[in-house]
Amino acid sequence: IGRQPGILLYSIFTVPELPEEFDRIKTTYYDYFNIFWPGEQPKGGYMNQFVPQLMLGNALANSSNYPDYDPYWIAMDEWHIGAQYFMGLCTPNATATDGFQCDGDHWIPKAATGKLIPVVPGEVIETSFELVDVLSSAPGDDDGRWEWHLRMGVVGEPHRSSLVVADRPFMGLVGATQSW
């Protein structure tokens, strides 16, 4: 993606009809445009994903947000959208070399979530990711203090928009990260 303020990624899609066969507890539907950072993570970080999404069924759709970012799953009978930043932290382990055990079986899910918004089939949904320089006073200044703004909303209806502002990787839950 690069690392420069002003980056803007954008996508639109139309909310589909509800599935004919559906169980809100046993079934989960997600539709999303996302950014996933694969590969090397900072000490204590396992995975890192911006994933605003359209959701139906038993879905990760909310969280406690600051300071713990504990994710909550909700059973939904109708389509909903919401901005989300999903991340995984390594499990603390005092006997490990770096103090963490970090693999597919040993990690802790965390999430920063925006407002959950009900939507109906046929509505057009927009998703955007924008890297914003929050401290520079003039174009071209680079003070290294950037935020990602994750938005998801109904096109033409700004009051039906969900936002997450990620001011640093892992929302500061991993000590080695300060800014994007």
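Structure shown above.
Colleague: Teacher, can you tell me more about the nonpolar core here?
Modeller: When a protein is soluble and globular, its nonpolar side chains tend to lie buried together. In terms of nonpolar packing, the biggest core is built from 20 residues, with Phe 50, Tyr 85, Trp 148, Leu 150, Ala 166, Met 171 and Trp 180 touching the most fellow members. Mapped onto this core, the elements with two or more residues apiece are strand 7 (84-92), strand 11 (124-133), strand 12 (146-154) and strand 13 (161-166). Leaving out residues up to four positions away in the same chain, Leu 150 has contacts with Phe 50, Pro 52, Ala 83, Gln 84, Tyr 85, Ser 128, Phe 129, Ser 162, Leu 163, Val 164 and Ala 166. Listed in part, the 11 residues of the second largest apolar core include Phe 13, Trp 79, Val 119 and Ile 125.

Colleague: Can you help me understand unusual backbone geometry in this one?
Modeller: The phi angle of most residues is negative, glycine excepted, and most peptide bonds adopt the trans form. Cis geometry marks the peptide bond from Tyr 66 to Pro 67, where omega comes out at 5°. Topologically, Pro 67 is positioned in the loop between strand 5 (53-63) and strand 6 (71-82). Although it is not a glycine, Phe 170 sits at a positive phi angle of roughly 60°. Position of Phe 170 relative to the elements: it lies in the segment after strand 13. Residue classification places Phe 170 among the buried positions, given a relative accessible area of 1%.

Quick notes on the rules
Residues numbered from 1 in each chain as written. Predicted model: local features only at pLDDT ≥ 70, side-chain atom pairs only at ≥ 80, totals over all residues. Heavy atoms only, no water. Core = buried A, V, L, I, M, F, W, Y, C linked by side-chain atoms within 4.5 Å. Buried < 20%, exposed > 50% of the residue type's maximum accessible area, 1.4 Å probe, protein only. Helix = DSSP H or I, 4+ residues; strand = E, 2+ residues; numbered from the N terminus. Contact = heavy atoms within 4.5 Å.

Keep in mind these numbers describe shape, not what the thing actually does.
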